[in-house]
Amino acid sequence: MCGIVCYVGSKPAKPILLKGLKQLEYRGYDSSGFAIQNGDQIECHRAAGKIAELEKKLNGLDIKGSMGIAHTRWATHGEPTEENAHPHRDNDENVFVIHNGIIENFYALKKRLEKDGVVFRSETDTEVLAHLISLNFDGSLSEAVRKTMSQVEGTFGMAVINRRSPGEIVIARRGSPLIIGVSEDGHFAASDVAAMVRYTNKVVHLQDNELATLTREDFSMSTAQAKPVERSAETVEWRAEDTELNGFPHYMLKEIYEQPETIKNAMRGRLETGEGVPKLGGIMPVWDRLKECRHMVIVACGTSYYAGCVGRYIFEKLTEIDVDVELASEFRYRKLNFAPNTFVIAISQSGETADTLAAIREAKRKGASLLGIVNVVGSSISRETEAGVYNHAGPEIGVASTKIFTSQLTILVLLAILLGRHQNLSLTEGVEVIHALEALSDQVGTVLSQANHIEAIAEKYFNYNNWLFLGRKYNYPIAMEGALKLKEISYIHAEGYPAGEMKHGPIALISPEMPTVAIVPRDEMYEKMISNIQEVKSRRGPVIAITTLGDDRIKEIADDVIEIPPTLSFLNPILAAVACQLLSYYCANFLNRDIDMPRNLAKSVTVE
Ligand code: AGP
């Protein structure tokens, strides 16, 4: 997804903007650019490709100015070329705009503007904003932006500067996140906290159909209808070092290794072991309704969806609640008839995924109550759900979600225990699960200690072009998630399948050229998984088994074995997921992939 970074203050803008863009690289992009204002002069530079290409163009240039806007573009309209890179400007080179989102009526606007003599220089939808704002400018940049907001349809997070409005940056939001950063050295705006956390952790979230004017000394907000908005700054928990590699070769590997800590963070201050009843303060606003709830729908995308799929089994095990799990991108188009007191739970790391946001808005229209399990504090989904639970996992920079996935599973277990203990889960059972959760961090550490062994397995198989992942019950979603991890960072084709489905088709694929990862811990599905493994082996398919420590029987059957410590059956997915993360990481590394920024992918999919 595109990235936005803006600064106006007492310091030189260029280094701040370039560092900010680098912190947003993980969002995925294919070109970049910035515009810096110095008095009534604006200097603009853009480049296709990585930010390093932009820096090459700046070599030796002394660009003065303590105010500017910068952008990484993830192409939606038009090729990733320099001419399509942001900022875009009007024909008189007065107004410069950067934009995240999609202007849905840009074609009609473009035709009308061209008829009035405007010359377009790019294929982008964004350029119409520059021309409209310039035409609407009548002394006030914010009024020109406000008027433009009323003329465009679709989504935007935009930032604008104007040669005729020195010292002012105007930002506006409809559907694409924008956050204001407040510091003694001036004010920031960005699409993501990571771009400014090095300078401030005081942030204010702009909300939909609001705009703000930032100057060195102050900032003011108002609605699209010119109603003033007052909102106090929040303090984010993130620190600058959270966005550094700290010696790891990739953010993904760093975040895989953070999991013993992030699993602890998911439980910190929330385990009331005495009564076997966790404390989740964030859901208290709806607790009276939630504790009576007997039907839930989990909506999410990608890895978060697979967390929800494990969550369904966890709720089935620990509560009397009937849980459905839906892909948000499908759910939002369904004819929904909710039973009374249905809760829809949105699971989202970024809290900005367009499909998940649209799904909860549709659920709300149809009368459901909304909960969120979100990592980014103050994000759209966290604000549009009535209550929820934060991951407190710090920024996840790697595009492939790892630490957040195991954090989501941990929180789902906590939520299920809490609800179960108000239903049929006994104190003893609640305490048993909590004790098993408390052991998880060290157990994840045990899986991580096998990294060299897992790397050796990856080295054996990274050249295979098609993989199969198999699991049953709690581990079927891990088969899906393991396949997704491998696909998205190594570009190897992989399919996750419920092992019981093998005989209904996929077994036709088995061959010596197709490794199968079988997730086969010592749980109630063990014997059936052994049969599946033998079906694969009898067709000479290589098998990599993820199994419980000390399982000698598997070692006689599988070609390679990764062992995970023993735990409760519904906690195995957390440990198996870590093994799959490392396996996919090392395969991608052997293939020299761009692991933190895989091709075509974005960290937060804020467009539909
Ligand atoms: C996971 O590795 C992917 N990057 C992707 O599937 C991601 O989980 C999905 O886009 C959902 O993102 P969210 O959790 O921020 O909503």
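Before any of the text, the structure's been laid out above.
These lines cover the structure that appears in this document, whether it is placed above or below.

The rules behind the values
Residues numbered from 1 in each chain as written. Predicted model: local features only at pLDDT ≥ 70, side-chain atom pairs only at ≥ 80, totals over all residues. Heavy atoms only, no water. Helix = DSSP H or I, 4+ residues; strand = E, 2+ residues; numbered from the N terminus. Rg over C-alpha atoms; globule rule 2.2 N^0.38 Å. Buried < 20%, exposed > 50% of the residue type's maximum accessible area, 1.4 Å probe, protein only. Contact = heavy atoms within 4.5 Å. Areas by Shrake-Rupley, 256 points an atom, 1.4 Å probe, with all protein chains shown as cover. Lys, Arg positive; Asp, Glu negative; His and termini not counted. Charge placed at Lys NZ, Arg CZ, Asp CG, Glu CD. Pairing = 2+ DSSP bridges. Axes fitted to C-alpha atoms, helices over the stretch in contact; angles between N-to-C directions. Parallel < 35°, antiparallel > 145°, perpendicular 65-115°, else oblique. Left-handed = near helix turned anticlockwise from the far one by under 90°.

**Description of the overall build of the protein chain**
Line of reasoning, step 1. Each helix and strand counted, the protein chain has 20 helices and 25 strands in total.
Line of reasoning, step 2. Taking 2.2 N^0.38 as the reference for a compact globule, 608 residues should give roughly 25 Å; the C-alpha atoms of the protein chain span a radius of gyration of 25 Å, in line with that estimate.
Line of reasoning, step 3. The dimensions of the protein chain, computed from C-alpha atoms along their principal axes, are 75 × 55 × 45 Å.
Line of reasoning, step 4. Burial status across the protein chain gives 63% buried among its 608 residues.
Line of reasoning, step 5. In the protein chain, once contacts between residues fewer than 6 apart in sequence are set aside, the share between residues at least 24 apart is 72%.
Line of reasoning, step 6. Accessible area of the protein chain: about 22,200 Å², with a carbon and sulfur share of 47%.
Line of reasoning, step 7. Taken together, the 65 basic and 79 acidic charged side chains of the protein chain have centroids lying 2 Å from each other.

**Things to note about the sheet that holds strand β16 (residues 295-300)**
Two strands in a sheet stick together by hydrogen bonds in their backbones, pointing the same way (parallel) or opposite ways (antiparallel).
Line of reasoning, step 1. Here we have five strands laid out as an open sheet, ordered β17-β16-β18-β19-β20, and parallel in their pairing. The sheet terminates laterally at β17 (322-327) and β20 (387-390), the two strands that pair on one side only. Across the sheet, the mean angle separating the axes of adjacent strands is 20° when strand polarity is ignored.
Line of reasoning, step 2. Inspection of the sheet shows β16 paired to β17 by six bridges, in the parallel sense. By the bridge assignment, Val299 is partnered in β17 with Glu326.
Line of reasoning, step 3. Across the face of the sheet, helix α9 (residues 302-318) comes into contact with β16, β17 and β18 (343-348) while running at roughly 170° to β17.

**Structural notes on the packing of helix α7 (residues 259-267) against helix α15 (residues 440-448)**
Line of reasoning, step 1. Relative to each other, α7 and α15 sit at 165°, their axes nearing to 8 Å. Classified by the interaxial angle, the pair formed by α7 and α15 is roughly antiparallel. Crossing of α7 over α15 shows right-handed handedness. From α7, Gln259, Pro260, Ile263 and Lys264 reach across to α15, where they touch Leu440, Ser441, Val444, Gly445 and Leu448.

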